[in-house]
Amino acid sequence: MNKSVSSKRSERTKHAGFASPSLQPPSEAFAVPLPPDFEDEGLLMPANMTEGKPDYEQKELKKQCYGQQHKAAEHTLYNQYEEKIRPCIDLIDSLRALGIEKDLALPAIAVIGDQSSGKSSVLEALSGIALPRGNGIVTRCPLELKLKRIPAAQAWKGKMCYRNTSVELQDASEVEKAIREAQNVVAGTKGAISAELISLEISSPDVPDLTLIDLPGIARVAVGDQPKDIGEQIKTLLKKNIGCKETLNLVVVPCNVDIATTEALKMAQEVDPSGERTLGILTKPDLVDRGTEDSIINIIRNLVIPLKKGYMIVKCRGQQDIHDKLALAAAIQQERKFFESHKYFSILLEEGRATIPHLAEKLTNELVKHIIKTLPSLENQVREMLQKTLQDLQKYRRGTPSTESEKLIFLTDLIKLFNQDISQVIRGEEQLFGNEIRLFTKIRREFRTWEVTLLECAAKVKKNVPSKAWKYEEHYRGREFPGFTNYRTFEDIIKEQIIELEEPAIEILNNVIGLVEEKFMELTKKHFANFHNLNRAAKIKIEDIREKQAAEAERQIRTQFKMERIVYCQDDAYINDLQSVREENAGNDKEWKIGSVSNQEPSFVQEMVSHTKAYFNGASKRLCNQIPLIILSYALHDFGDTLQTTMLHLLQEKDKLNHLLQEDSEAAKHRNYLSQRVNRLTKACQYLRDFTLL
């Protein structure tokens, strides 16, 4: 770009900063790119417009032409500003107005500083309004300062919002009183602080597009009626706000103190050690001791305590200026003159590191960049939270209807959904969430334990049979020849092992029916948690049915074991099992091992081992399946079916409708809370979607 065009563009930009002369930024302020057609064309007046004209006419034509060009440029720059900057800030303000900050953190600029650091003066200069001043803690609540730049033709207007109150302000002079009144309502009149947000919206031609959150100044000593731990309360409040990774921290530090010792910067470094989110603001440059100016310049140039976003320096109204009623607009003009004429600090003005207009430009650009950077993450968070909240809300459903007929339909729906879930559990088809385990899977684990018990018992039989066979040989054999083992001994061995399995089977039953009861209780809580009487009624029925089904299942299992003590097997089945055992023993004989039964025991002992093992193999197969079948039938299927039928019987007790559907007050409150949350998150999704389409 040639120098003439560059200079004209610079001149045009001066006209396009703050509308008020008091807040006009320098040439580089509000660095919004201009359309291509304004870069090289139209800034230069066509030559043919002045050719052949007298000098005085040429001057007048040039004056008119450049005046029109300046207006067009200002209009275009304002439109670009409206298209690129304003929507970003408005988006976050809209989300904050919805109350999204109750659910997740939003991009923001938080302003912190020690008492008497000049924090209020900086905010006054940016906003063009007088904020509360006085001794001690003046800012007692987080104050959200929403600045909106409007065309010069529009009038100043303000709005204060806190709790459920909204106050329209017609003049900037009303702001200070409105803030004090709001703080007294929110935090009380005795100097205490509150974390509750007060929102102040200012629309004016004389402000930048910017949203700041002013936080209480850091205090160390309680004054008057303030709580003794007021210092700790303030620190807790500040850390909560500046600790969020979505927050840019604006740390205000006076030039006449050692920056390394300021509490505000220390706190910012604690939550942001790398300085990624921190911008330093130096105030009161007129109070710098002679000879220390270079140290201030070094700080501003990021050579002392580096911050990724750097430092700015400003000079705002002092106490004497306020006493003399120096207007904010005049203070801005004085500030510029101060830096322009300062022997050391004028270079900072040339570098764009000094004055309120430069600060306003930097803050706006930093906030917009930060918003754009965090938007993808923010959108994902909103969607995930909406999904989870909708799932939580489904558990609470709608409230109890008012008419009797509607209540009956409502109760019918509740029980129907409950019974559907019970049926799915019985079939092993229930819906799972997260790391949940299906009930049937848990039951199979118990049945696997039963299978292991049977295997252990079979091994025990094989081990104990030789000693029992020898006992018969040594104590009971009469006139029989050796090798003729008594059948009664065989029966006794079998019965003894069968009896040992009975109690483990009952234990498996109790474990399984406990799992089933636990699952049914879980479904009761899921469906009836909001209706404590209905919930209690369902639980009582589950407990009663469990007791009945457990007793019936136990009776069936003990009957099964009573039958198992009748030692019997079909001939063909037994012969096949015996043949299999003998073939197995023959194979073992070929693999000769020292100490094995086949090489140590006589043939009659080996024969007894083969017979008992053959019979017990068949009995084990039978019990391995039969006991689980009995348990599944009585402890799961019959239990679930009976429960469903019993729940439907509740529909016949119409005189108990109101009692059963009496809703828990806490549940109603929580459902309201979830509904409101869904509404604001849904709107937030829509706002974010609309923004991406811009």
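What counts and what doesn't
- Residues numbered from 1 in each chain as written.
- Predicted model: local features only at pLDDT ≥ 70, side-chain atom pairs only at ≥ 80, totals over all residues.
- Heavy atoms only, no water.
- Helix = DSSP H or I, 4+ residues; strand = E, 2+ residues; numbered from the N terminus.
- Buried < 20%, exposed > 50% of the residue type's maximum accessible area, 1.4 Å probe, protein only.
- Contact = heavy atoms within 4.5 Å.
- Areas by Shrake-Rupley, 256 points an atom, 1.4 Å probe, with all protein chains shown as cover.
- Phe/Tyr/Trp six-rings, centres within 6.5 Å; stacked < 30°, edge-to-face > 60°.
- Lys NZ or Arg CZ within 6 Å of the ring centre and 35° of its normal.
- Core = buried A, V, L, I, M, F, W, Y, C linked by side-chain atoms within 4.5 Å.
- Pairing = 2+ DSSP bridges.
- Salt bridge = Lys/Arg side-chain N within 4 Å of Asp/Glu carboxyl O.
- Axes fitted to C-alpha atoms, helices over the stretch in contact; angles between N-to-C directions.
- Parallel < 35°, antiparallel > 145°, perpendicular 65-115°, else oblique.
- Left-handed = near helix turned anticlockwise from the far one by under 90°.
- Nonpolar A, V, L, I, M, F, W, Y, C, P; charged D, E, K, R; others polar.
- Polar contact = N/O pair within 3.5 Å; in protein donor to acceptor, adjacent residues only side chain to side chain.
- Right-handed = clockwise from strand over helix to strand, strands pointing away.

1. As for the overall build of the chain
Okay, step 1: The secondary structure content of the chain amounts to 21 helices and nine strands.
Okay, step 2: Considering the chain as a whole, with its 694 residues, one finds that 47% of them fall into the buried category.
Okay, step 3: Sequence-distant contacts, at least 24 apart, represent 80% of the contacts inside the chain between residues at least 6 apart.
Okay, step 4: Accessible area for the chain stands at about 35,900 Å²; split by element, carbon and sulfur atoms hold 50% of it.

2. With respect to the packing of aromatic side chains
Okay, step 1: Evaluated as defined, the whole model comprises five aromatic pairs.
Okay, step 2: Measuring from ring centre to ring centre gives 5.2 Å for F338 and F339, while their planes differ by 80°; the resulting arrangement is edge-to-face. The burial state of F338 is the same as that of F339; both residues are buried.
Okay, step 3: Both rings, one in F520 and one in F639, keep their centres 5.0 Å apart while their planes meet at 80°; by these two values the pair is edge-to-face. Residue F520 is found in helix α15 (residues 487-528), and its partner F639 is found in helix α19 (residues 603-649); the two are separated by 119 residues along the sequence. Neither residue differs from the other here; F520 and F639 are each classed as buried.
Okay, step 4: Lying over the aromatic face of F338, K315 brings its terminal NZ or CZ to 5.8 Å of the ring centre.

3. Remarks on the nonpolar core
Nonpolar side chains tend toward joint burial in soluble globular proteins.
Okay, step 1: In terms of nonpolar packing, the biggest core is built from 69 residues, with W450, I557, F561 and I631 touching the most fellow members.
Okay, step 2: For this core, the secondary-structure elements that each account for two or more residues are α13 (404-427), α14 (439-476), α15, α16 (532-564), α17 (571-590), α19 and α20 (657-660).
Okay, step 3: Counting residues in hydrophobic clusters, the runner-up holds 66 residues, among them I129, V314, A360 and F691.

4. Here we look at the pairing of strand β5 (residues 198-204)
Okay, step 1: Burial analysis of β5 places seven of its seven residues in the buried class, which makes it a mostly covered element.
Okay, step 2: In β5, alternate side chains face the same way, and those of I198, L200, I202 and S204 on one face and S199, E201 and S203 on the other are all buried.
Okay, step 3: As judged from the seven bridges shared by strand β2 (residues 143-149) and β5, these two strands associate in the parallel manner. From the neighbouring strand, L145 faces β5, where its bridge partner is L200.
Okay, step 4: The pairing of strand β3 (residues 157-162) with β5 spans five bridges and is classified as antiparallel. Bridge pairing links K159 to E201 in β5.

5. Things to note about the environment of V175
Okay, step 1: Tracing the backbone shows V175 in helix α5 (residues 175-187).
Okay, step 2: Residues in contact with V175, not counting those within four places in the same chain, are I129, A130, W156, L169, L200 and I202.

6. With respect to the pattern of salt bridges
Okay, step 1: Inspection of the entire model under this criterion finds 36 salt bridges.
Okay, step 2: With a shortest N-O distance of 4.0 Å, E201 and K148 are connected by a salt bridge. Of this pair, E201 sits in strand β5 while K148 is found in strand β2, placing the two residues 53 residues apart along the sequence. Neither E201 nor K148 differs from the other in exposure class; each is buried.
Okay, step 3: In this structure, K235 engages E263 in a salt bridge whose closest nitrogen and oxygen atoms are separated by 3.5 Å. Remark: E263 occurs in helix α7 (residues 263-271) and K235 occurs in helix α6 (residues 230-242); sequence separation between them is 28 residues.
Okay, step 4: Linked by salt bridges that have partners in common, E502, E503, E554, R558 and R565 make up one network.

7. Concerning unusual backbone geometry
Okay, step 1: In the Ramachandran plot, K284 falls in the positive-phi region, its phi being about 55° despite a non-glycine side chain.
Okay, step 2: Mapped onto the fold, K284 is located in the loop between β8 (278-283) and α8 (293-300).
Okay, step 3: Residue K284 is classed as partly exposed on the basis of its relative accessible area, which comes to 27%.
Okay, step 4: One non-glycine residue, T355, lies in positive phi territory at about 85°.
Okay, step 5: Tracing the backbone through its elements, the reader meets T355 in the loop between α11 (346-350) and α12 (356-396).
Okay, step 6: For T355, a relative accessible area of 1% corresponds to the buried category.

8. Observations concerning the sheet that holds strand β7 (residues 247-254)
Okay, step 1: Strands sit in the order β4-β3-β5-β2-β6-β1-β7-β8-β9 across an open sheet of nine strands; the sheet is mixed. Each edge of the open sheet carries a strand with a single partner, namely β4 (165-169) and β9 (311-313). Pairs of neighbouring strands in the sheet enclose a mean axial angle of 20°, with direction left out of account.
Okay, step 2: Pairing analysis gives five bridges linking β2 to strand β6 (residues 210-214), with the strands arranged antiparallel. Each residue of the ladder has a partner; that of L147, found in β6, is L210.

9. Some remarks on the packing of α15 against α16
For any two helices packed against each other, the geometry comes down to the angle between their axes and how far apart the axes lie.
Okay, step 1: Between α15 and α16, the least distance of the axes is 10 Å, while the angle of their chain directions is 165°. Comparing their axes, α16 and α15 come out roughly antiparallel. Pair α15 / α16 crosses with right-handed handedness.
Okay, step 2: Looking at side-chain class alone, the contact of α15 with α16 contains 16 nonpolar, six polar and 10 charged residues.

10. Here's the deal with the side chain of E430
Okay, step 1: With respect to the helices, strands and loops of the structure, E430 is situated in the loop between α13 and α14.
Okay, step 2: Judged by relative accessible area, E430 falls into the buried class, the value being 5%.
Okay, step 3: A distance of 2.9 Å separates a polar atom in the side chain of E430 from the backbone nitrogen of L439.
Okay, step 4: Not counting residues within four places of it along the chain, the set of residues in contact with E430 comprises Q424, V425, R438, L439 and K519.

11. Some details on the pairing of β8
Okay, step 1: In terms of residue burial, β8 counts as a mostly covered element, since six of its six residues are buried.
Okay, step 2: Where β7 lies against β8, six bridges are found, and the strand directions are parallel. When the sheet's bridge partners are listed, V251 is paired in β8 with G280.
Okay, step 3: Each parallel crossover has a hand, and for β7 linked through α7 to β8 it is right-handed.
Okay, step 4: Between β8 and its parallel partner β9, the chain crosses via α8, and the hand of that crossover is right-handed.

Spatial relationships are all this shows, so hold off on functional conclusions.
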